[in-house]
Amino acid sequence: MGYEPPRYLTSERMRPAVAKLSQLTYDDLIHGVDRAELAAAEICPQVWDSPASLEWGRDLFPSLAEFFQAAGSADHTMVNWLD
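Each value, and the rule that gives it
- One numbering rule holds for all chains: residues counted from 1, following each sequence as written.
- Residue-level local features of this predicted model are given only where pLDDT is at least 70; pairs of side-chain atoms are given and counted only at 80 or more, and the full residue set underlies all totals for whole chains, interfaces and linings.
- As a rule here, side-chain values cover all heavy atoms of the structure and leave hydrogens and water aside.
- In these notes, a set of buried Ala, Val, Leu, Ile, Met, Phe, Trp, Tyr and Cys residues joined through side-chain atoms within 4.5 Å is what counts as a nonpolar core.
- Buried residues are those whose accessible area, probed at 1.4 Å on protein chains only, stays under 20% of the maximum for their type, while exposed residues exceed 50% and partly exposed ones sit between those limits.
- In this text, helices come from DSSP runs of H or I with a minimum length of four residues, and strands from runs of E with a minimum of two, each type numbered from the N-terminal end.
- What makes two residues a contact is simply this: any of their non-hydrogen atoms within 4.5 Å.
- Cavity means a closed set of points on a 1 Å grid over the protein atoms alone, one where a 1.4 Å probe fits but cannot get out, pocket means an open set with protein on both sides within 12 Å along at least 5 of 7 lines, and lining means a residue has an atom within 4 Å of a point.
- Grid points are joined across faces, edges and corners, and a volume is the space filled by probe spheres set on the points.
- Amino acids outside the nonpolar list (Ala, Val, Leu, Ile, Met, Phe, Trp, Tyr, Cys, Pro) and the charged list (Asp, Glu, Lys, Arg) are all regarded as polar, and Gly is one of them.

A.B. asks: For this particular structure, what's the right way to read the nonpolar core?
C.D. replies: For soluble globular proteins, nonpolar side chains are generally found buried alongside one another. By size, the foremost hydrophobic cluster in this structure holds 14 residues, and its most contacted members are M14, L21, L54, F68 and M78. Mapped onto this core, the elements with two or more residues apiece are α1 (11-23), α2 (26-30) and α4 (61-73). When residues no more than four places from it in sequence are discounted, the contact partners of M14 are L9, F68, A71, G72, H76 and M78.

What follows is the structure, encoded as structure tokens:
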């Protein structure tokens, strides 16, 4: 089942995630991230040698934040799974 078994956030645990994501920018998210540490930890994808490697998620971040907001507003539980 991917990298690990699926996990979930209950609606109670969604609230702080939604609150934080609503205040966070992508620049906040990547601030202080060390590409060399990601490479050493073998974090997938293995692209951390490129100076632009942290930019791959910038266009996806607003949709992720919106998705969390919608789920939190509806008091839904969220399942996350990395495959």
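A.B. asks: What is the right way to read the layout of surface pockets from this model?
C.D. replies: Taking a probe equal in size to a water molecule and rolling it over the atoms shows the remaining empty space. By volume, the largest pocket is sized at about 480 Å³. For the lining of the largest pocket, the elements supplying multiple residues, two or more each, are α4 and β2 (78-80). The class makeup of the residues in the lining of the largest pocket is eleven nonpolar, one polar and three charged. The computed volume of the second largest pocket comes to approximately 410 Å³. Taken together, 16 residues line the second largest pocket, and the ones lying closest to its centre are Y26, L29, W48, W56 and G57. For the lining of the second largest pocket, the secondary structure elements donating two or more residues are α2 and α4. Partitioned by chemical class, the residues of the lining of the second largest pocket number 14 nonpolar, two polar and no charged.

Interpretation in functional terms is not warranted from these geometric data alone.
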